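# Chain and residue survey
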Amino acid sequence: MKKFDVVIIGGGVVGCAIARELSRYNLKIALVEKETELGSGTSKANTGLVHSGVNVDNTTLKGRLNLQANPLFDRLTFELNIPFVRNGSLVIAQNREDRQALLRDLDEARKNGVKDVRWLSREELLGKEPAINPDSLGAIYAPSGGIICPFEYTLALGQNAHKNGVVFFLGNRVLKILQEKDRVLGVETERGRLIAPYVVNAAGVFADEFDSAVDVPGIKTRRGQYLVYDRDYPVQINNTIFPRPTEVSKGIIVTPTVHGNLMIGPNAEEVEGKDSLETTAAGINEVIKGAQKLVPDIDTSAVIRMFSGLRAVASSDFVIKSTKKPRGLVLAAGIQSPGLTAAPVIGKLVVELIEELGLGLSPKSSFQAERPSPIRVGDLDYEERAKLVEKDNNYGQVVCRCEGITRGEIRDAILAPLGAVTIDGIKRRTRAASGRCQSGFCGPRLVELLKEFASISPLEATLRGGASRILKYRSKELLFKAGEKVEDL
Amino acid sequence: MEEKKLICVICPVGCEVSATLEDGELKDINGYRCAQGEEYAREEFTSPSRILTATVWIKGSRVSQLPVRSNRPLPRPKLEEVMALLAREKLEVPIKEGQIIIENILGTGADIVSSRDLEK
Amino acid sequence: MKTYEIDVLVVGGGPAGLGAAIKARENGARKVLVLERDFEPGGILNQCIHNGFGLQYFSAELTGTEYAGRFIRRAGQTGVEIQTDTMVLDVKPSREVITSSAKYGLQRFQAKSIVLAMGCRERTRDAIQIYGSRPSGIFTAGTAQRFTNIEGFIPGRQVVVLGSGDIGLIMARRMKLEGCEVQGVYELLPYTNGLSRNVVQCLNDFSIPLYLQQTVTSIYGGERIAGVTTQKVDKKQNPLPGTEEYVPCDTLLLSVGLIPENELSRKAGVRIDSRTGGPLVDQNRMTTVPGIFACGNVVQVHDLADDVTVESEIAGLAAAGFAEEEPPGKKARVLVGNGLRYVVPQEIELSRNREEPLLLFMRAELPRRKVNIVISQGGMEKLKFPQPFIKPGEIIALSVTSEMLGELEIDQDIELKVEGGG
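Residues numbered from 1 in each chain as written. Chains lettered and ligands numbered in written order. Predicted model: local features only at pLDDT ≥ 70, side-chain atom pairs only at ≥ 80, totals over all residues. Heavy atoms only, no water.

### Quick look at the domain arrangement of chain A
Residues and elements named next belong to chain A. Short version of the rule: For the purposes of this description, domain bounds are those given by an automatic or database domain assignment. When two components associate, each loses some accessible surface as probed by a 1.4 Å sphere; the sum of these losses over both components is called the buried area. Salt bridges are counted wherever a side-chain nitrogen of Lys or Arg sits within 4 Å of a carboxyl oxygen of Asp or Glu. Gly counts as polar in this scheme, as do all residues outside two lists: the nonpolar Ala, Val, Leu, Ile, Met, Phe, Trp, Tyr, Cys and Pro, and the charged Asp, Glu, Lys and Arg.
Taken domain by domain, chain A consists of domain 1 (1-81 + 147-219 + 314-373), domain 2 (82-146 + 220-309) and domain 3 (377-489). With both sides pooled, the region where domain 2 packs onto domain 3 buries about 610 Å², and carbon together with sulfur makes up 32% of that total. Three residues, R231, I304 and R305, lead the burial of domain 2 against domain 3; their summed loss comes to 67% of the area buried on that side. Applying the counting criterion to the domain 2 and domain 3 interface returns three salt bridges. Between D230 and R436 there is a salt bridge, and its shortest N-O distance comes to 2.6 Å. Split into classes, the residues belonging to the side of domain 2 that touches domain 3 amount to one nonpolar, one polar and four charged.

Spelled out as structure tokens, the structure:
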């Protein structure tokens with residue numbers, strides 16, 4: 001039986017941000033995640049945006065947190081070495097009605113303190129983004145809008161929390177929140193109990209699954225589908241392009257990623273089930289049509305990836321609060337958009353809520369805010385790269401030819417704290433297998449490297465844990481009769 | 001009497017050749033347009049045979065499979081039986097292309113030979 | 001970083017690169033270096049354990065590995081240098097090449113001429129937009145072939161193959177021989193893109209069904225693939241509602257097309273032909289950048305390794321001679337007319353006296369019988385090549401003799417088209 005001060009359920013961006021904030025204090029903290037890799041749910045499949053705060057309603061919690069969070073990203077991404085660019089966002093007026101509404105939104109954004117936000121005339125807009133639909137009537141321009149690598153972001157928060165003492169239990173599902181006399185006692189997991197007087201539920205779409213007695217709102221799942229394009233796709237834009245938002249969503253967006261791929265999406269559809277991660281013909285067509293309204297030249301000629309992500313929807317707003325019954329439980333639930341942006345502030349808010357519940361906080365003098373950057377060979381010029389390879393020749397061997405990722409980088413991703421144990425884990429950390437061949441060439445190599453550096457045998461190697469094994473049999477195994485010995489092949 | 005049909009694969013034209021067989025013996029054949037086609041069809045109707053290509057386990061090299069082939073065509077119905085024998089074969093490097101792995105396999109007169117050089 | 005001087009530098013150690021390098025070495029190039037990213041030369045042929053190679057070039061029926069072996073040994077005998085495990089990072093129009101490898105670190109090469117021979121890659125699930133979930137168990141046929149034939153692993157037991165190109169057919173048989181159950185080969189088009197021989201020997205021999213005008217439209221399964229939906233398609237290849245069938249499987253193999261791998265060609269600044277997806281080349285396989293040549297599947301996706309060899313020898317010979325040769329004269333464009341998808345080369349220098357026949361490779365748009373391929377200039381029919389049968393799955397190679405070339409006007413564009421037939 002292990003004892004902690006706080007147990008966090010969920011290793012997505014919100015759980016990891018909370019863990020990092022808590023790790024600033026002298027506390028014993030555990031984080032439990034059911035998947036074997038951090039950021040395997042909503043955090044891995046979203047638009048990767050740091051929203052400027054344009055078009056937010058500051059009477060909502062999510063709106064206020066968005067406005068508070070955006071300015072923090074320069075420091076945060078510097079400390080944690082996360083790929084982040086303030087590429088700017090444009091909300092396009094596609095007709096006169098849009099323009100009227102957006103001019104009102106612009107006033108609102110100024111009042112809300114969105115930095116340097118201004119109106120672009122049609123000419124200014126097309127001068128800035130020539131690929132935009134020439135029928136557009138102008139746009140709100142917010143230079144503070146940004147793009148971030150959501151995988152690296154989540155991982156960096158987690159790794160930094162780990163460095164500051166948070167204990168991670170990965171691949172371990174929380175079954176139940178333990179209570180006694182309306183007090184939280186800890187959690188029951190698949191692999192035993194973790195005892196703690198404070199529990200934070202940051203379990204994303206699964207936040208309502210642990211105990212029906214607990215006052216947790218029901219979580220609905222909203223699915224969004226996306227398409228990612230080849231980096232050589234001739235249709236290119238620099239800013240993140242939004243339509244005027246609707247009541248329920250920010251609409252279908254056209255954006256570059258931090259790695260230089262064009263990405264479009266998401267649509268928004270309510271789905272049953274928390275594993276409904278399919279793409280559908282209707283959904284993908286909706287995304288393409290929506291994107292074409294903003295950038296007419298977009299087609300499907302250079303699509304390298306389609307995917308879906310789920311958003312946890314509890315109400316129209318985030319639900320971040322301590323529950324009355326049981327005491328000791330803090331919810332960070334229903335974190336829909338702009339959750340990725342708001343996460344660092346959600347972390348701070350949860351710390352305050354726990355303190356209010358009576359947990360004494362004393363700052364830890366040994367807290368280290370920095371996470372060193374993983375070596376990214378592609379960012380170096382040839383001379384620097386040559387020197388690096390002289391020191392460690394693993395950085396000389398290119399494994400993923402599409403993205404130019406080396407054996408050294410993949411080794412580092414596996415051996416780092418909270419390291420990769422699956423093919424998707426390697427991909428999210430290094431971008432190996434995320435290029436145009438989608439692991440056709442490097443797939444067999446990645447299986448080998450998991451064996452070499454993580455001692456995962458090729459037959460146990462998975463795409464993303466569980467039963468997602470890549471290879472099921474050894475050669476010739478199926479030609480043996482049932483019961484015949486094959487292990488010494 | 002038995003009627004059989006096949007598409008000739010000698011060239012891209014793809015002639016449809018038909019035949020009449022009695023007790024496995026060819027009685028009548030037509031539809032071919034060249035001598036090579038006729039020869040192919042006759043054999044295909046009476047005793048189809050195939051080069052078998054496969055791999056066997058090998059130790060001591062960066063690759064775990066050694067590609068092998070039959071050095072002449074095997075009767076088509078024997079292919080699965082030969083595969084079962086190859087599945088139980090275990091070799092070690094070095095191996096030279098053409099080296100015999102199994103001689104006169106299943107008494108067919110064909111040898112299974114290595115189809116590449118493989119060193120450490 | 002050191003700079004090394006090379007006469008002919010070849011990017012890629014598959015059949016195209018080896019063929020070009022050997023030919024260059026045999027024709028006077030002193031220092032010929034092949035850069036190969038894998039741990040051994042041979043390229044994709046190392047996993048092509050099946051036979052059917054070399055019938056044209058060697059008049060012998062070889063396996064892919066045997067075909068590669070002949071070139072690997074010949075490269076050794078002729079003094080071609082090969083650096084394996086070496087990735088080319090950059091090719092500049094000035095013929096400077098940067099490489100990275102564990103053994104040699106970063107290297108810079110300055111070459112008199114360069115031959116691009118990077119081959120091609122396979123189209124993926126996302127490129128053809130198959131919807132559904134994203135489980136494991138979905139492989140391009142070539143990746144599954146590597147796992148099976150080199151690494152020693154079988155992806156799964158119950159296999160669906162999408163695409164009836166040769167790799168799809170070959171892998172259907174290969175899986176069957178390894179003891180898997182092959183549910184069927186599905187083909188979007190009304191005809192197969194593979195050789196008839198492969199349909200007979202890979203599918204019919206093993207009673208593997210071929211479903212024409214049917215495709216996979218959706219994938220099921222949370223962690224590992226559990227099945228696919230197949231659908232019939234109309235003439236425009238759109239799935240027909242109401243024809244959905246669920247086919248259980250634990251493995252989906254995709255053989256849905258190959259794309260020339262031209263990332264380095266783009267860096268080198270060569271023009272790409274949108275029809276072939278490869279560099280635009282003249283009859284010597286020189287690209288639009290002087291001294292940079294290209295051959296093999298990087299230029300056009302060939303059906304036969306033998307044709308790759310023929311093309312690579314043209315490129316290797318010209319690359320060896322590049323330094324000494326006089327600057328090229330005016331080139332005529334080769335225009336693609338009715339009934340053809342593409343023609344290689346895309347430019348021809350007709351002014352130069354030639355003894356060797358000129359080889360023209362082309363691909364038909366549709367299967368047709370009894371046609372003529374007509375070469376015309378300025379609307380005037382000049383040459384006519386009768387063809388008993390053409391189909392998109394089999395490249396048409398025309399040999400234009402020097403005598404025939406005399407019929408053509410120098411400096412005038414030529415057009416090729418398909419006439420007649422049904």
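After presenting the structure, the write-up continues.
### Quick word on the interface of chain B and chain A
The line we're drawing: We call two residues contacting when some pair of their heavy atoms lies within 4.5 Å. In DSSP terms, a helix is any run of H or I states spanning at least four residues, a strand is any run of E spanning at least two, and both are numbered starting from the N terminus.
Contacts between the two partners involve eight residues from chain B, matched on the other side by nine residues from chain A. Interface area for chain B against chain A, summed over the two sides, is near 880 Å², with a carbon-plus-sulfur share of 55%. Taken together, the connections running from chain B to chain A amount to zero salt bridges. If you list the elements that add at least two residues to the side of chain B that touches chain A, you get β5 (53-59) and α2 (79-87) of chain B. In terms of residue count, β5 of chain B provides more of the side of chain B that touches chain A than any other element does, three residues in total. For the side of chain B that touches chain A, a count of residues per class yields four nonpolar, two polar and two charged.

### Quick notes on the sheet that holds strand β9 (residues 146-148) of chain A
Residues and elements named next belong to chain A. Rule in force here: Only strands joined by at least two bridges in the DSSP assignment are considered to pair.
Strand order across the open sheet formed by three strands is β4-β9-β5, with antiparallel pairing between neighbours. The open sheet is flanked by β4 (49-50) and β5 (84-85), the only strands paired with a single partner. Two elements, β4 and β9, share two bridges in a ladder whose sense is antiparallel. Residue pairing across strands places L49 opposite I147, the latter belonging to β9.

### So, the environment of Q56 of chain C
Residue and element names in this part refer to chain C. For the record, the criterion: Remark: exposure states derive from per-residue accessible area (1.4 Å probe, protein chains only) relative to the maximum for the residue type, with buried under 20%, exposed over 50%, and partly exposed in between.
Locating Q56 in the fold gives a position in the loop between β3 (51-53) and β4 (62-63). Taking relative accessible area as the criterion, Q56 reaches 53% and is therefore assigned exposed. For the pair formed by Q56 and S274, sequence separation is 218 residues and the distance between their alpha carbons is 29 Å. Those residues in contact with Q56 that lie beyond four places of it in its chain are L304, D306 and D307.

### Brief notes about the nonpolar core
Worth spelling out the cut-off: Joining through side-chain atoms within 4.5 Å is the link that ties buried Ala, Val, Leu, Ile, Met, Phe, Trp, Tyr and Cys residues into a set, and such a set is a nonpolar core.
Ranked by internal contacts, the top residues of the largest apolar core, which has 75 residues, are I410 and L446 of chain A together with L66 and L86 of chain B. Ranked by the residues each element gives to this core, the list is headed by helix α4 (residues 166-177) of chain C, at six residues. Once residues within four sequence positions are removed from consideration, I410 of chain A is found in contact with V399, I405, I426, T430, A432, L446 and L449 of chain A. Formed by 52 residues, the second largest nonpolar core is a distinct cluster that contains A19, A69, I148 and V166 of chain A.

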